[in-house]
Amino acid sequence: MKYITAFFMAWGNFLAIPCPRKLWNGEYKNLMLAMLPSVGVVHGAIVSLLFGVMVITGFPVYITGFAVTLAMFGICGFIHLDGFMDCCDAIMSRRPLEERQRILKDPNTGAFAVVSAIFLILCWFTCSAELTETVMLSAMREILSGGGNLFGVSPGESAVAALLLIPVFSRGMGGLFVLSYDPIGHSQYAEDAARDDRGSCRTVIAIQLSLYTAIIAIIWLFTCGGVPLTAMASAIVAALGSYLGCMYARKQLGGMSGDIAGYSICTGEVTGILVFLVMIYFIF
């Protein structure tokens, strides 16, 4: 029951879509963070379904790119983008540590945050549009030549898997970081850092990441005829991108916080989709 409660707590906090059950227990705050991979499944399922439907129905490339980009940031209520912008404002100010921490919590939006968000969104839009075009072209080649599959899985099927897995891994890493590193004093998670359940919560995250990867591999094997290896590789790259983003932000800001988790999620996701696009682009 506590896992169900924690899942719906995470849904209510980290997704903008209506939560089917509004549950809360203050004792489960760390477990709530541990359920972020499951929240990522909901997020990724919506994004990947949207992408698949728009490609199949023949929506224009740029319209599909716009819709996928909006969904990636909008389904979570732009909460992770907000953390990304706050961190960029603080880090790029190049002020002393105390001043950077003050800027991190400043509700005003600075120029560095706006510029960084513009480039991040442009990158996602470009990748989404290029991914749509690549999938459509590969589908046409497959129809004309009778081939074109990648390890038994078409680029379109791999793209759907990637858009599903990347949010799972990026959010899993974000939760793992908050549960592993010492928080900045003003972090909303500071009071929960001393709880003795953080180790078990990290294990819950690892189990979910392994379980969802295995489930997707099995589903794709039986429905598509192969395992989406490129999608899995891009999810691992997204986890690595999240890790590097977190390490950099922690070093610059002197600790861990929810904003840094959002920063790591955004950096991981854009890294994952970039690498996935490069892989299928050069292979096909």
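In the block above lies the structure referred to throughout.
Cut-offs applied
Residues numbered from 1 in each chain as written. Predicted model: local features only at pLDDT ≥ 70, side-chain atom pairs only at ≥ 80, totals over all residues. Heavy atoms only, no water. Salt bridge = Lys/Arg side-chain N within 4 Å of Asp/Glu carboxyl O. Buried < 20%, exposed > 50% of the residue type's maximum accessible area, 1.4 Å probe, protein only. Helix = DSSP H or I, 4+ residues; strand = E, 2+ residues; numbered from the N terminus. 1 Å grid on protein atoms, 1.4 Å probe; cavity = no way out; pocket = protein on both sides within 12 Å on 5 of 7 lines; lining within 4 Å. Points joined across faces, edges and corners; volume = space filled by probe spheres on them. Nonpolar A, V, L, I, M, F, W, Y, C, P; charged D, E, K, R; others polar. Polar contact = N/O pair within 3.5 Å; in protein donor to acceptor, adjacent residues only side chain to side chain. Contact = heavy atoms within 4.5 Å.

1. Points about the pattern of salt bridges
- Evaluated as defined, the whole model comprises four salt bridges.
- Linking glutamate 99 and arginine 95 is a salt bridge whose minimum nitrogen-to-oxygen distance equals 3.6 Å.
- Relative accessible area serves as the criterion here: at 42%, arginine 95 is assigned to the partly exposed category.
- Note that glutamate 269 is salt-bridged to arginine 171, the shortest N-O span being 2.3 Å. In this pair, glutamate 269 sits in helix α11 (residues 258-283) while arginine 171 sits in helix α8 (residues 155-178), placing the two residues 98 residues apart along the sequence. As far as burial versus exposure is concerned, glutamate 269 and arginine 171 are alike and both buried.
- One network of salt bridges, in which partners are shared, links Arg95, Glu99, Arg102 and Asp106.

2. What about the layout of surface pockets?
- The calculated volume of the largest pocket comes to roughly 470 Å³.
- Of all elements in the fold, only α1 (2-14), α2 (29-34), α5 (79-91), α6 (97-105), α8 and α11 reach the threshold of two or more residues within the lining of the largest pocket.
- The residue makeup of the lining of the largest pocket, split by class, is twelve nonpolar, eleven polar and seven charged.
- Taken as a whole, the second largest pocket encloses approximately 320 Å³ of empty space.
- Lining the second largest pocket are 15 residues, with Gly52, Val53, Ile56, Gly156 and Val160 sitting closest to its centre.
- Looking at the lining of the second largest pocket, the elements with two or more residues in it are α3 (36-56), α7 (111-145) and α8.
- The greatest single-element share of the lining of the second largest pocket, amounting to eight residues, is contributed by α3.
- Classifying every residue of the lining of the second largest pocket gives ten nonpolar, four polar and one charged.

3. Some points on the side chain of threonine 134
- Mapped onto the elements, threonine 134 comes out in helix α7.
- For threonine 134, a relative accessible area of 10% puts it in the buried group.
- Within polar-contact distance, the side chain of threonine 134 engages the backbone oxygen of glutamate 130 at 2.8 Å.
- Non-local contacts of threonine 134, meaning those with residues more than four positions away in its chain, are made with Leu277, Ile280 and Tyr281.

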